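Listed below are the residues making up each chain.
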Amino acid sequence: MPYHRDLDGASEKRLGGNEIGTTRRGIGPAYMDKASRLGLRVQDLTDEHIFRKKLEAALLEKNDILEKVYGMPTYTVDENRRGVHGLCRAHQAAHRRHDHRAEQGA
């Protein structure tokens, strides 16, 4: 999700000289969401109501952190939906090519 990249970069920047050297692609925050059961799953995309409900819950926490801890702009459900639809198209194209690496993403 777009907020994963922002959280990854902001937390790395906050560490200053003690950075851990992430790629700033949001992989760590995505896995944190998965472990805390806050993350969205591919199956959530099949039901608009479930997707929206889970994304709204995630954004409550992520927007608080982005705004109050890092002083960054927040996200809306619709901004994240656009990113997810692009991801879905890329995943479908990879599936048609029998490229199963896309199924292993965070």
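Data block above holds the structure.
Not measured: the values here are computed from a predicted model.

Under the criterion given, the structure shown has 7 salt bridges. A salt bridge links E48 to R52, with the shortest nitrogen-to-oxygen separation between them at 4.0 Å. Here R52 and E48 lie together in helix α3 (residues 48-69), a separation of 4 residues that amounts to about one turn. Since its relative accessible area comes to 38%, E48 is described here as partly exposed. In this structure, K62 engages E61 in a salt bridge whose closest nitrogen and oxygen atoms are separated by 3.4 Å. Within the structure, one salt-bridge network assembled from shared partners comprises E48, R52, E56 and D78.

With that settled, the discussion passes to the packing of helix α1 (residues 2-14) against helix α2 (residues 27-35). At their nearest, the axes of α1 and α2 sit 7 Å apart, and the two run at 115° to each other. In this view, α1 runs roughly perpendicular relative to α2, as classed from their interaxial angle. Regarding α1 and α2, the two cross each other, and that crossing is right-handed. When α1 is examined against α2, the residues Y3, H4, L7 and D8 are found in contact with a partner set consisting of I27, P29, A30 and D33.

For E12, the location among the structural elements is in helix α1. Here E12 is buried and forms no salt bridge, its nearest opposite-charge partner R24 lying at an N-O distance of 4.7 Å. Ignoring any residue separated from it by four or fewer positions in sequence, one finds E12 in contact with E19, I20, G21, T22 and R24.

One turn of an α-helix holds 3.6 residues; hence residues three or four places apart share an orientation. The first and last C-alpha atoms of α3 sit 30 Å apart over 22 residues, in line with the 32 Å expected at 1.5 Å per residue. Remark: the principal bend of α3, roughly 25°, maps to L59. Buried within α3 are the following residues: F51, L55, A58, L59, K62, N63 and L66. Among the residues of α3, the N-terminal cap falls to D47, whose side-chain oxygen and the backbone nitrogen of H49 are separated by 2.9 Å. Looking one or two places after α3, you find G71, whose phi comes out positive at around 65°.

Cut-offs applied
- Residues numbered from 1 in each chain as written.
- Predicted model: local features only at pLDDT ≥ 70, side-chain atom pairs only at ≥ 80, totals over all residues.
- Heavy atoms only, no water.
- Salt bridge = Lys/Arg side-chain N within 4 Å of Asp/Glu carboxyl O.
- Helix = DSSP H or I, 4+ residues; strand = E, 2+ residues; numbered from the N terminus.
- Buried < 20%, exposed > 50% of the residue type's maximum accessible area, 1.4 Å probe, protein only.
- Axes fitted to C-alpha atoms, helices over the stretch in contact; angles between N-to-C directions.
- Parallel < 35°, antiparallel > 145°, perpendicular 65-115°, else oblique.
- Left-handed = near helix turned anticlockwise from the far one by under 90°.
- Contact = heavy atoms within 4.5 Å.
- Lys, Arg positive; Asp, Glu negative; His and termini not counted.
- Expected span 1.5 Å × (residues − 1).
- Bend = angle between axes of the 7 residues up to and from the residue.
- Polar contact = N/O pair within 3.5 Å; in protein donor to acceptor, adjacent residues only side chain to side chain.

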